[in-house]
Amino acid sequence: MGLHSEAKFDQKFIGLIKQLNLYLNHFPNHEKYGLAQQIRNAAYDAYGFVVESQKRYQKKTSLTNLDIRHEQLRMFVRVAYELGYFEFKNGSKQDSDAKQVAEHRFHAISLMIDEVGKMIGGWINSDREKRDAS
C-alpha cells in the first residue's frame, strides 16, 4: 500500500469512526456500556491494527487481525440494527419515522464498513502478492 493509499485509507477509516460515534451517541442509555462500547472498541481496535500494519515489515499477522476485527465490527453493527438501536435518538426511541431513520443509518454505516472492508481486502491481496513474489 503506497503512501497515498494509506492516507486515503486513514481518511476513510476515521470517517467511519466519526459516523459510528455519532450514531452510537443516540443508542439507548442501557446500552451505553454494552453493545455501543463493544462497537466503539471494535472500531478503535481495528484502527490500531491499521497503524500496526502500516508500521510492520511483516504484515500478515497484523492484517489478519485487522480483517478479523473488521468483521467483528460488521457483526456488532448488524446486531445493533436487529435489536432496533438505530431507531433511537438521544437515548430514547423515536416515534415518527423511526424505521426509516434506522434503515438510513444502518445503510449508511454499512456502506462505509463495506468500503473499508474492500480496502482491507485489497491490502491483504497486495501483501500476499509481494510475499509470493519474493
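All of these numbers come straight from a predicted model, not from anything done at the bench. (Residues numbered from 1 in each chain as written. Predicted model: local features only at pLDDT ≥ 70, side-chain atom pairs only at ≥ 80, totals over all residues. Heavy atoms only, no water.)

Draft legend 1. Spotlight on the overall build of the protein. A tally of regular secondary structure across the protein gives four helices and two strands. Scanning the protein from its N terminus toward the C terminus, one meets helices and strands in the order α-α-α-β-β-α. Nonlocal contacts in the protein, meaning residues at least 24 apart in sequence, comprise 70% of its contacts between residues at least 6 apart. A total of about 8,000 Å² of accessible surface is found on the protein, and carbon and sulfur atoms cover 52% of it. (Helix = DSSP H or I, 4+ residues; strand = E, 2+ residues; numbered from the N terminus. Contact = heavy atoms within 4.5 Å. Areas by Shrake-Rupley, 256 points an atom, 1.4 Å probe, with all protein chains shown as cover.)

Draft legend 2. Structural context of the nonpolar core. Among the nonpolar cores identified, the biggest contains 34 residues, and Ile39, Leu73, Val77 and Phe86 are the most heavily contacted of them. Listing elements by their share of this core, those giving two or more residues are helix H1 (3–24), helix H2 (35–55), helix H3 (60–82) and helix H4 (98–133). Per-element tally for this core: the top contributor is H4, with nine residues. Apart from residues lying up to four places away in sequence, leucine 73 is in contact with Leu16, Leu20, Ile39, Ala42, Ala43 and Ile113. (Core = buried A, V, L, I, M, F, W, Y, C linked by side-chain atoms within 4.5 Å. Buried < 20%, exposed > 50% of the residue type's maximum accessible area, 1.4 Å probe, protein only.)

Draft legend 3. Highlighting the confidence of the model for the protein. Of the residues in the protein, 96% reach a pLDDT of 70 or more, and the chain-wide mean stands at 91. Ranking the helices and strands of the protein by mean pLDDT puts H3 first, with 97, and strand S2 (residues 92–93) last, with 77. (pLDDT = per-residue confidence, 0-100.)

Draft legend 4. Representation of the environment of valine 79. Summarising the element assignment, valine 79 is placed in helix H3. When the C-alpha positions of valine 79 and methionine 119 are compared, they lie 23 Å apart, and in sequence the two are 40 residues distant.

Draft legend 5. Expanded view of the packing of aromatic side chains. One pass over the structure, following the stated rule, counts nine aromatic pairs. The interplanar angle of 85° and the centroid separation of 5.4 Å between the aromatic rings of phenylalanine 27 and phenylalanine 86 together place this pair among those described as edge-to-face. With phenylalanine 27 in the loop between H1 and H2 and phenylalanine 86 in the loop between H3 and strand S1 (88–89), this pair connects stretches of sequence that are 59 residues apart. In this structure phenylalanine 27 comes out as buried when scored by relative accessible area, which is 3%. Relative accessible area serves as the criterion here: at 2%, phenylalanine 86 is assigned to the buried category. Pairwise contacts between aromatic rings join Tyr23, Phe27, Tyr81, Tyr85, Phe86, Phe88 and Phe106 into one cluster. (Phe/Tyr/Trp six-rings, centres within 6.5 Å; stacked < 30°, edge-to-face > 60°.)

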